[in-house]
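Examining the three-dimensional arrangement
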Amino acid sequence: MMDRHPQNLLVTGGCGFIGSNFVRYWLERHPESRVVVYDKLTYAGRQENLHDLWEQPNLSLVVGDIVDGELVRRTCQEQGTDLIVNFAAETHVDQSILGPLVFTDTNVRGTHVLLEVARELGLRLHHISTDEVYGHIPEGHQSVETDPLAPRSPYAASKAAADQLVQAYHITYGLPLTITRGANNVGPYQYPEKAVPLFSTNALLGEPLPVYGDGRQMRDYAHVHDHCTGIEAVLLRGEIGEVYNVGTGREMTNLEMVDIVLETLGKDRSLIRHVTDRPGHDRRYSMNVDKLRGLGWAPKYDPRQAVAEAARWYAGNRWWWEPIRSGEFREYYEKQYAERLAGTGRA
Ligand code: NAD
Ligand code: DAU
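Predicted model, so just to flag it, every value in this text is computed and none were measured.

Thresholds applied
Residues numbered from 1 in each chain as written. Chains lettered and ligands numbered in written order. Predicted model: local features only at pLDDT ≥ 70, side-chain atom pairs only at ≥ 80, totals over all residues. Heavy atoms only, no water. Phe/Tyr/Trp six-rings, centres within 6.5 Å; stacked < 30°, edge-to-face > 60°. Helix = DSSP H or I, 4+ residues; strand = E, 2+ residues; numbered from the N terminus. Buried < 20%, exposed > 50% of the residue type's maximum accessible area, 1.4 Å probe, protein only. Lys NZ or Arg CZ within 6 Å of the ring centre and 35° of its normal. Pairing = 2+ DSSP bridges. Axes fitted to C-alpha atoms, helices over the stretch in contact; angles between N-to-C directions. Near = heavy atom within 4 Å. Polar contact = N/O pair within 3.5 Å; in protein donor to acceptor, adjacent residues only side chain to side chain. Areas by Shrake-Rupley, 256 points an atom, 1.4 Å probe, with all protein chains shown as cover. Nonpolar A, V, L, I, M, F, W, Y, C, P; charged D, E, K, R; others polar.

**Considerations on the packing of aromatic side chains**
Tallied over the entire structure, the rule returns 15 aromatic pairs. Measuring from ring centre to ring centre gives 6.0 Å for Phe329 and Tyr332, while their planes differ by 50 degrees; the resulting arrangement is tilted. With Phe329 and Tyr332 both in helix α12 (residues 329-341) and three residues apart, this pair spans about one turn of that helix. Among the residues examined, Phe329 registers a relative accessible area of 1% and is labelled buried. One residue, Lys291, lies across the ring of Tyr244, its end atom 4.9 Å from the ring centre. Positioned over the ring face of Tyr333 is Arg325, at 5.3 Å from the centre of the ring.

What follows is the structure, given as structure tokens:
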């Protein structure tokens, strides 16, 4: 298989969790290439996620919305972009339940705008999707890339709509498009609204860990590093027009994940609180990742190591999350958890 080598990347959402890990990984591995991060800098987009890299001459930032086609087009033309990697999205399921419309704006319309720019300028586009598009997966099955999409939250529905636009643009216009569908990523710089950083930082602060329902939902907790290597494999060797699942292929329950976090941080299980469940909560995600393995890729971390490593990162990087936790995040936290935690012992 001959590797393709994109040189000028436009990485949308590159100040977010996975996007920033990808930019760091890509620049380490491909120092000859240039990366322009295109990011709206929402609450989840943080320049400090790339704090040590902004001085590099081959990295720059354009602050903008992916819905703004004119700015995306101009940026791609000025920068000589040959590949768009689209990480930009509203990403939190609970936020999509509280305020769903922005998920359609960014995840559906924003992706559509990027496809239009790619069509106009003849660019390759790689779209970052999620295992949530497959919906709840019954025991005994692992999702394969050709499975029907059955999203069940406003977030998942918006991601499924984006996937279908990408596939339709490949079929209709023959554009060079690819998709990866990632499992639950964990690792450095994940905004603490998500379960692993929320539980890690709550444990470090001595606050209760709000586990939704019985905590027996199953997730494939994959290290973000392995997501980045999977995306790289598809960019270099993936077949155009194809979809690739990226995960470890192994799940654990949320309660098992919580135990790993507590054990890693030396905290007690008495911090666990079972609280009112997320509406429409998908019970299990599980993906078959053989197609990506066929490109010579393999995950480095198993899920237990991935969760433990992530928890350790939050213990060692208070500088990153303490300002978030004491700022605007508090308002969201109150709205999401105050009532849920009231009456469970300690709020
Ligand atoms: P994140 O919420 O940490 O970051 C999202 C980034 O997108 C932020 O930098 C934000 O500022 C930017 N953004 C949001 N709206 C924008 C807009 N309209 N225009 C430009 N930039 C915008 O998200 P993440 O967890 O890093 O997820 C990145 C991608 O990976 C998303 O597409 C998500 O659906 C997908 N994904 C995430 C996971 C996971 O476990 N976190 C798993 C699989 C797939
Ligand atoms: O599966 C991939 C998806 O993983 C990505 O597409 C999403 O962008 C990302 O947010 C993540 O979605 P989840 O909803 O699975 O992740 P979250 O971290 O929010 O929750 C993980 C599990 O933990 C889930 O079963 C819900 C549960 N949970 C979550 C929170 C925030 C709790 O029990 N309590 C909580 O407070």
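**Points about the sheet that holds strand β1 (residues 8-12)**
In space, the seven strands of this open sheet follow the order β3-β2-β1-β4-β5-β6-β11, with parallel pairing throughout. Each having just a single partner strand, β3 (59-63) and β11 (243-246) make up the two edges of the open sheet. Ignoring strand direction, the axes of neighbouring strands in this sheet form an average angle of 20 degrees. By the bridge criterion, five bridges tie β1 to strand β2 (residues 34-39) in an arrangement that is parallel. From the neighbouring strand, Val11 faces β2, where its bridge partner is Val37.

**Some thoughts on the site of ligand 1**
Taken together, 29 residues lie near ligand 1, and Ile18, Asp39, Thr91, Tyr155 and Lys159 sit nearest. One nitrogen or oxygen atom from the main chain of Lys40 is found 3.1 Å from a nitrogen atom belonging to ligand 1. In this structure, an oxygen atom belonging to ligand 1 sits 2.7 Å away from a side-chain N or O atom of Lys159. About the coverage of ligand 1: the protein hides 97% of its 840 Å² of free accessible area. Taken together, the elements giving at least two residues each to the shell around ligand 1 come down to α1 (17-29), β5 (124-130), α5 (154-173) and β7 (184-186). The element best represented in the shell around ligand 1 is β5, accounting for three residues. Of the residues assigned to the shell around ligand 1, the class counts are twelve nonpolar, 13 polar and four charged.

On their own, these measurements won't tell you what the molecule is for.
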